[in-house]
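# Reading the structure
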Amino acid sequence: MRIAEIERNTKETKIKCKLNLDGEGKINIETKIGFFNHMINTFAKHAGFDLDFYCDGDTSVDMHHTVEDSGIVLGQALYKALGTRENILRYQSFTMAMDDALVMCAVDISNRSYYESNAKFERDLVGEFETQCVDEFFKSFSDNAKINLHFVVLRGENAHHIIEAMFKSLAKCIKDSIKIDPNLKGSLTTKGVL
């Protein structure tokens, strides 16, 4: 079973996470930020994960620590749950349409982190969620999962739709790139190990 449990406690956040990559869609999320709850729930649902995720952060300061640290913990959980990465398909790209938004995501489960995105938002907030935290989450996630993660926003005006298309397209890419191919012998790399 590809399962990981991570607990991270700092002066700014207290986070507990249990992730099952081969789950049945059992999801419980609480971050104290409504839109962020929605995005993590969306990510887990579309990736087909079981996810229990609880974050008690200093949202009275702002949401930056909660969002960034959540990316750290979810990335660590994915990294740990993947284990040796043997026999996984490794690469994936997907273009997600969501109303006015069209977002392409590409990932490489490479054991090397890199993040790039051209997403720009005309609004500072979606609900109470600060749009400048979008990059903070995805960069923290990719750094700690040790994956290459790229987003290209092809079009879109509604910030909610763009952000949600980013989370959904990432979910689809992760779901497909971590599939086990029984015909693969070891890791999909000429180096012999990821």
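Overview of the structure. (Residues numbered from 1 in each chain as written. Predicted model: local features only at pLDDT ≥ 70, side-chain atom pairs only at ≥ 80, totals over all residues. Heavy atoms only, no water.)

## Quick look at the sheet that holds strand S1 (residues 3–9)
To keep things clear, this is the line we draw: We call two strands paired when DSSP finds no fewer than two bridges between them. Working definition: helices are DSSP H or I runs of at least four residues, strands are E runs of at least two. Numbering for both runs from the N terminus. Helix axes use the C-alpha atoms of the stretch in contact, all axes being lines fitted to C-alpha atoms, and the angles between their N-to-C directions lie in the range 0 to 180 degrees. Contacts are residue-level and defined by heavy atoms, with any inter-residue pair within 4.5 Å sufficient.
Sheet architecture is open: four strands sit in the order S1-S2-S4-S3, paired in mixed fashion. In the strand order of this sheet, the two ends are held by S1 and strand S3 (27–30), each with one partner. The sheet shows a mean angle of 5° between the axes of neighbouring strands, direction not considered. Both S3 and strand S4 (residues 50–57) contribute to a ladder of four bridges, which runs parallel. Of the residues in S4, the one forming a bridge with Ile27 is Leu51. On the sheet, helix H1 (residues 34–47) packs against S3 and S4 and is oriented at approximately 160° with respect to S3. Across the sheet, helix H2 (residues 64–82) is in contact with S1, strand S2 (13–20) and S4; its angle to S1 comes to roughly 150°.

## Considering the nonpolar core
One recurring pattern in soluble globular proteins is that nonpolar side chains are buried together. The test is simple: We define the nonpolar core as a collection of buried residues of types Ala, Val, Leu, Ile, Met, Phe, Trp, Tyr and Cys that are connected through side-chain atoms lying within 4.5 Å of one another. Remark: exposure states derive from per-residue accessible area (1.4 Å probe, protein chains only) relative to the maximum for the residue type, with buried under 20%, exposed over 50%, and partly exposed in between.
Counting residues in hydrophobic clusters, the biggest one holds 61 residues, and the most contacted among them are Phe53, Phe138 and Leu170. Ignoring sequence-local partners within four residues, the contact set of Phe138 consists of Tyr115, Leu149, Phe151, Met166, Phe167 and Leu170.

## A closer look at the packing of helix H3 (residues 133–145) against helix H4 (residues 159–177)
The criterion, for reference: Each angle receives one of four descriptions, namely roughly parallel if under 35 degrees, roughly antiparallel if over 145, roughly perpendicular if within 65 to 115, and oblique otherwise. For a crossing to be left-handed, the near helix must be turned anticlockwise from the far one by less than a right angle; the clockwise case is right-handed.
Put simply, H3 and H4 touch, their axes get as near as 12 Å, and they point 15° apart. By the angle between their axes, H3 is roughly parallel relative to H4. Viewed along their axes, H3 and H4 form a crossing whose handedness is left-handed. Contact residues: Val134, Phe137, Phe138 and Phe141 in H3; Ile163, Met166, Phe167 and Leu170 in H4.

## Concerning the pattern of salt bridges
As a reminder, the rule being used: Salt bridge, as applied in this entry: a Lys or Arg side-chain nitrogen positioned within 4 Å of an Asp or Glu carboxyl oxygen.
Scanning all chains against the criterion turns up nine salt bridges. Taking the shortest distance from any N to any O, the salt bridge between Asp108 and Arg90 comes out at 2.6 Å. Taken together, the residues Asp108 in strand S6 (residues 101–108) and Arg90 in the loop between H2 and strand S5 (91–98) connect sequence positions 18 residues apart. Assessed through its relative accessible area of 10%, Asp108 is described here as buried. Between Asp176 and Lys179 there is a salt bridge, with the nearest N and O atoms lying 3.3 Å from each other.

## Some words on the packing of H2 against H3
Using the following cut-off: Classification convention: Asp, Glu, Lys, Arg as charged; Ala, Val, Leu, Ile, Met, Phe, Trp, Tyr, Cys, Pro as nonpolar; all other residues, Gly among them, as polar.
One can describe the packing of H2 onto H3 by two numbers: an axis separation of 7 Å at closest approach and a directional angle of 25°. Accordingly, the angle class assigned to the pair H2 and H3 is roughly parallel. Regarding H2 and H3, the two cross each other, and that crossing is right-handed. Residues His64, Val67, Glu68, Ser70, Gly71, Ile72, Leu74, Gly75, Gln76, Leu78 and Tyr79 of H2 pack against Cys133, Glu136, Phe137, Ser140, Phe141, Asn144 and Ala145 of H3. Among the residues forming the contact of H2 with H3, the class breakdown is nine nonpolar, seven polar and two charged.

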